[in-house]
Amino acid sequence: MKASRRGHERLPVVAFLLASAASIALVVVFATGGDAQLEGALLAVALAGIGIGLASWSHELTGNDVEIEARPPVGSAAQPREEFVVTLEGSSRPLSRRRVLIGSASAAGASLLAALVLPARSLGPSPGRALFRTPWKAGRRLVTPDGTALRAAELGLGNIVTVFPEGAVDADEAATLLIRVEADRLELPPDRLAGAPDGLVAYSKICTHVGCPVGLYRETTHELVCPCHQSTFDVLRGAQPTFGPATRALPQLPIGVDAEGYLIALGDYPEPVGPGFWNRGT
Ligand code: FES
């Protein structure tokens with residue numbers, strides 16, 4: 001009976017130590033390359049250990065026994081006094097045991113916390129403002145992927161070409177579609193119309209759905225189509241989506257013509273290109 005009670009008393013400590021061991025093992029597995037299934041199993045053991053430890057500890061504190069105590073006569077007979085002394089002396093045992101319990105519970109909590117914080121390193125470095133900017137800057141020439149600068153006169157009606165900022169042809173986020181349409185058919189707000197000289201309009205090539213390159217231009221309907229999920233964008237109306245899962249227009253790059261007739265950017269995109277992200281704003 002006593003042995004079983006002792007075993008019951010040890011249960012929370014054993015559970016907390018087991019949780020600590022599982023959490024430490026989780027850290028080790030993660031740091032040495034990781035194994036999703038093993039990590040999941042260790043996390044389950046750690047959480048179960050803490051849960052069992054807390055449950056059995058609280059069960060022990062509250063107890064299940066119903067005891068009805070007869071009101072004893074008030075007095076200070078020898079026997080009650082002796083019993084009181086025995087009880088008082090016995091109370092030192094739970095105190096040290098409580099330390100063990102608190103220590104093991106703290107170790108389990110701390111090691112589990114470490115195991116949960118460590119995977120945050122997998123997120124990699126913060127992108128900072130990189131998602132909000134591209135290499136486009138005012139005055140930067142529009143060049144083809146092989147670095148050739150483009151003159152406005154080189155692009156005929158219905159032509160489309162992918163362009164990059166001069167000196168940054170590897171910057172995927174800056175990929176831009178340059179299209180010439182009938183200038184009088186463009187339906188853009190005046191400030192955006194100023195960035196589309198003679199019907200030359202430039203939109204980001206990165207689909208606002210999940211970021212595929214928008215590659216297909218239907219000249220007859222003036223539509224850009226993304227091959228991934230068929231999102232369709234109206235070139236004449238600011239590349240607003242007209243079909244498919246994309247809900248945002250392709251950002252428009254404001255462009256102009258320099259003194260030598262070359263096409264240049266008038267600045268960066270006024271909004272982030274590509275799919276939405278959690279702090280993109282509206
Ligand atoms: S990525 Fe373009 S439609 Fe899905």
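Conventions and cut-offs
- Residues numbered from 1 in each chain as written.
- Predicted model: local features only at pLDDT ≥ 70, side-chain atom pairs only at ≥ 80, totals over all residues.
- Heavy atoms only, no water.
- Helix = DSSP H or I, 4+ residues; strand = E, 2+ residues; numbered from the N terminus.
- Phe/Tyr/Trp six-rings, centres within 6.5 Å; stacked < 30°, edge-to-face > 60°.
- Buried < 20%, exposed > 50% of the residue type's maximum accessible area, 1.4 Å probe, protein only.
- Lys NZ or Arg CZ within 6 Å of the ring centre and 35° of its normal.
- Expected span 1.5 Å × (residues − 1).
- Pairing = 2+ DSSP bridges.
- Contact = heavy atoms within 4.5 Å.
- Disulfide = S-S within 2.5 Å.
- Axes fitted to C-alpha atoms, helices over the stretch in contact; angles between N-to-C directions.
- Polar contact = N/O pair within 3.5 Å; in protein donor to acceptor, adjacent residues only side chain to side chain.

Engineer: Can you tell me about unusual backbone geometry, naming the residues and giving the values?
Structural biologist: For Gln230, which is not a glycine, the phi torsion comes out positive at approximately 65 degrees. Among the secondary structure elements, Gln230 is positioned in the loop between strand E6 (223–225) and strand E7 (232–234).

Engineer: Give a detailed account of the packing of aromatic side chains, specifying residues and quantitative values.
Structural biologist: For any pair of aromatic rings, the description consists of the separation of the ring centres together with the inter-plane angle of the planes. Evaluation of the coordinates by the stated rule reveals one aromatic pair. Measuring from centroid to centroid gives 6.2 Å for Phe16 and Trp57, while their planes differ by 80 degrees, and the two rings are edge-to-face. Residue Phe16 is located in helix H1 (residues 2–31), and its partner Trp57 is located in helix H2 (residues 36–62); the two are separated by 41 residues in the primary sequence. In this pair, the class of Phe16 matches that of Trp57, namely buried. For Arg151, the ring lying beneath its charged end belongs to Tyr262, and the centroid distance is 4.3 Å.

Engineer: Now, about H2: what can you tell me, with residues and values included?
Structural biologist: Helix length check: H2, at 27 residues, gives a terminal C-alpha distance of 39 Å against a target of 39 Å (1.5 Å per residue), a fit within 8%. Looking only at H2, the buried set comprises Glu39, Leu42, Ala46, Gly49, Ile50, Gly53, Ser56 and Trp57.

Engineer: Run through the sheet that holds strand E1 (residues 142–143), naming residues and quoting values.
Structural biologist: Within the open sheet, the four strands sit side by side as E1-E2-E3-E4. Their pairing is antiparallel. Pairing within the sheet leaves two strands with one partner each, and these edge strands are E1 and strand E4 (200–204). Taken together, the two bridges between E1 and strand E2 (residues 160–165) define a ladder with antiparallel strand orientation. Each residue of the ladder has a partner; that of Leu142, found in E2, is Pro165.

Engineer: I'd like a rundown of the environment of Ile160, residues and numbers included.
Structural biologist: The residue Ile160 is located in strand E2 in this model. The class of Ile160 is partly exposed, set by a relative accessible area of 33%. As a C-alpha pair, Ile160 and Leu178 span 18 residues in sequence and 5.5 Å in three-dimensional space. Residues within four places of Ile160 in sequence aside, it is in contact with Leu177, Leu178, Ile179, Tyr217 and Leu224.

Engineer: Describe the state of the cysteines, with residues and values.
Structural biologist: Within the structure shown, the criterion is met by one disulfide. Between Cys212 and Cys228 runs a disulfide, and the two sulfur atoms are separated by 1.9 Å. Measuring the twist about the S-S bond at about -90 degrees, one finds the Cys212-Cys228 disulfide to be left-handed. Here Cys228 lies in the loop between E6 and E7 and Cys212 lies in the loop between E4 and strand E5 (216–218), a separation of 16 residues in the sequence. Classification of Cys228 as partly exposed rests on a relative accessible area of 33%.

Engineer: Explain the sheet that holds E6 residue by residue, including any values.
Structural biologist: Taken in spatial order, the four strands make up an open sheet running E5-E6-E7-E8, and their pairing is antiparallel. The open sheet has two edge strands, E5 and strand E8 (240–243), and neither has a second partner. Across this sheet, the average inter-strand angle for adjacent strands is 35 degrees, counted without regard to direction. Of the pairings in the sheet, the one linking E5 to E6 comprises three bridges and is antiparallel in character. In the strand pairing of E6, Arg218 is matched with Glu223.

Engineer: Hey, could you go over the side chain of Glu223 for me, with residue numbers and the actual values?
Structural biologist: Of note, Glu223 is situated in strand E6. Note on Glu223: relative accessible area 19%, which makes it buried. A distance of 3.0 Å separates the side chain of Glu223 from the side chain of Thr221, its partner in a polar contact. Excluding anything up to four places from it in sequence, Glu223 contacts Leu216, Tyr217, Arg218, Thr232, Phe233, Val235 and Thr242.

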